[in-house]
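# Working through the structure, step by step
Chain residues, written in single-letter form:
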Amino acid sequence: MTTVVLVHGLWVTPRSWEAWVPYLESKGVKVLTPAYPGFDIEVEALRENPDVIANLTVNETVAHLASVIEAEPEPPIIIGHSFGGTLTQLLLAKGLGSAGVVIDSAPTEGVRVNPISQARSLFPALKNPANRHRAVGFTPEEWHYAFTNTLSEEDSRAVWERYAIAAPGYWVWEYGLFANFKPGHQDTWVDFDADRAPLLFIAGEKDHIMPPSVNRSNAKHYKNSPALTDYHEFEGRDHWTCGAPGWEAVADHALEWALKHKR
């Protein structure tokens, strides 16, 4: 049986995949939804004490996810959303996975496209340098702009209440702002020219925080890799594309592409 590993993004937990798990399992695959270290408690508990994740590092997270993947008898398909897309690229670069799909992916180091809507979305974390050492969340209004801008205010608020948590501010500062300006390779660096499992980028036309231009640029950086890299853009979809109405089409496209191209 093929295994699919779903990697969540920042500001959410594995709960964000709760509709995908039974949906993909009904298609005959095994589904795993590993949490980042410290994110493996309920949303409500993380809201009460976000400090437990404030100092988490990318390297620790990649190592933990790699241990889950390596425990599988066969290389799984890895599907990551948002910063989970960055982590998926890092995992593929380590030779893990039979195929990867990144949805509304945060960029790896070297992608220098920074649209205005992205800067506005990340401003709540970037407006105060002290946030580098804190876990930082979105207000319902900030969440509506960054994640759920195609939903009504009422529907967006319901999503925020069900899923939203704080995220390590350090990640936003280091990998959303400074990674391309610091000497040497940072934690989100990959060798774009290396071989790896096939990789599909999925972007949402209306995504504010990780717009299509960011995902297209990230995909183009792999142009010299011998591995397959594809790009697909869904019209009218925002960053909450894995949960907004019509998410099934995104899940179907991701799974069908991965099953067709996995090695």
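Now for a description of the structure that goes with this document. Counting restarts for each chain, with residues numbered from 1 along the sequence as it is written. Predicted model: local features are reported for residues with pLDDT of at least 70 only, side-chain atom pairs are reported and counted for 80 or more only, and whole-chain, interface and lining totals are derived from all residues. As a convention, hydrogens and water are excluded, and side-chain values are obtained from all of the structure's heavy atoms.

## Details of the overall build of the protein
Check the secondary structure of the protein and you find 10 helices and 8 strands. Projected onto the principal axes, the alpha-carbon positions of the protein cover approximately 45 × 45 × 35 Å. Only protein chains enter the area calculation, which uses a 1.4 Å probe; residues under 20% of their type maximum are buried, those over 50% are exposed, and those in between are partly exposed. Sorting the 263 residues of the protein into buried and exposed places 56% on the buried side. Working rule for contacts: check all heavy atoms of both residues, and any pair within 4.5 Å makes them a contact. Relative to all contacts within the protein whose residues are 6 or more apart in sequence, the contacts with residues 24 or more apart total 75%. Each charge class in the protein can be summarised by its mean position, and for the 22 positive and 33 negative side chains these summaries are 5 Å apart. A run of H or I in DSSP becomes a helix once it reaches four residues, and a run of E becomes a strand once it reaches two; helices and strands are each numbered from the N terminus. None of His or the chain ends enter the tally, which takes Lys and Arg as positive and Asp and Glu as negative. For the purpose of locating charges, the reference atoms are NZ of Lys, CZ of Arg, CG of Asp and CD of Glu.

## Considerations on helix 10 (residues 247–261)
For a helix, the expected span equals 1.5 Å multiplied by the number of residues minus one. Given a rise of 1.5 Å per residue, 15 residues ought to cover 21 Å, and the 22 Å separating the end C-alpha atoms of helix 10 matches this to within 8%. Three or more residues of helix 10 are buried, namely Trp247, Val250, Ala251, Ala254, Leu255, Trp257 and Ala258. The arc enclosing the buried residues of helix 10, seen along the axis, measures out at 165°, which places them on a common side. Every exposed residue of helix 10 that faces more than 90 degrees away from the buried side is listed here: Glu256 and Lys260. On its buried side, helix 10 packs onto strand 1 (3–7), helix 1 (20–25), strand 3 (77–81), strand 4 (99–103), strand 7 (199–204) and strand 8 (229–234). Note that the arc is computed from the directions linking the helix axis to the C-beta atoms.

## Quick notes on the nonpolar core
Take the buried residues of types Ala, Val, Leu, Ile, Met, Phe, Trp, Tyr and Cys, join any two whose side-chain atoms come within 4.5 Å, and each joined set is a nonpolar core. The biggest cluster of nonpolar side chains holds 60 residues, and the ones touching the most others in it are Trp11, Tyr36, Phe83, Leu87, Trp143 and Trp240. Apart from residues no more than four positions distant in its own chain, leucine 87 is found in contact with Val7, Tyr36, Val58, Thr61, Val62 and Leu65. Among the nonpolar cores identified, the runner-up in size contains 23 residues, and Leu6, Val29, Val101 and Trp247 belong to it.

## A look at unusual backbone geometry
Not every positive phi belongs to a glycine, and serine 82 is a case in point at roughly 60°. Secondary-structure assignment places serine 82 in the loop between strand 3 and helix 4 (83–93). Owing to a relative accessible area of 6%, serine 82 belongs among the buried residues under this scheme. We note that aspartate 104 has phi near 50°; this positive angle belongs to a residue other than glycine. Inspection of the secondary structure assignment puts aspartate 104 in the loop between strand 4 and helix 5 (116–126). In this structure aspartate 104 comes out as buried when scored by relative accessible area, which is 0%.

## So, the pairing of strand 4
With respect to burial, strand 4 is a largely interior element, 5 of its 5 residues being buried. Residues of strand 4 alternate between two faces, with Ala99, Val101 and Ile103 on one and Gly100 and Val102 on the opposite face, all of them buried. Two strands pair if DSSP finds at least two bridges between them. Inspection of the sheet shows strand 3 paired to strand 4 by 5 bridges, in the parallel sense. Its bridge partner lying in strand 4, glycine 80 is registered against valine 102. We call a crossover right-handed when, viewed with both strands directed away from the observer, the connection leading from the first strand over the helix to the second proceeds clockwise. In the classification by handedness, the crossover that spans strand 3, the intervening helix 4 and the parallel strand 4 is right-handed.

## Here we look at the pattern of salt bridges
The term salt bridge refers to a pairing of a side-chain nitrogen on Lys or Arg with a carboxyl oxygen on Asp or Glu at a separation within 4 Å. One pass over the structure, following the stated rule, counts 9 salt bridges. Notably, a salt bridge pairs glutamate 44 with arginine 15, separated by 3.0 Å at the nearest N-O pair. Taken together, the residues glutamate 44 in helix 2 (residues 43–48) and arginine 15 in the loop between strand 1 and helix 1 connect sequence positions 29 residues apart. The salt bridge involving glutamate 18 is made with arginine 162; its shortest N-O contact spans 2.8 Å. Residue glutamate 18 is located in the loop between strand 1 and helix 1, and its partner arginine 162 is located in helix 7 (residues 153–163); the two are separated by 144 residues in the primary sequence. When its relative accessible area of 35% is taken as the criterion, glutamate 18 is described as partly exposed. Taking the relative accessible area as the measure of exposure, arginine 162 reaches 35% and is therefore partly exposed. Ionic contacts of the salt-bridge type, sharing partners, join the residues Arg15, Glu42 and Glu44 into one network.

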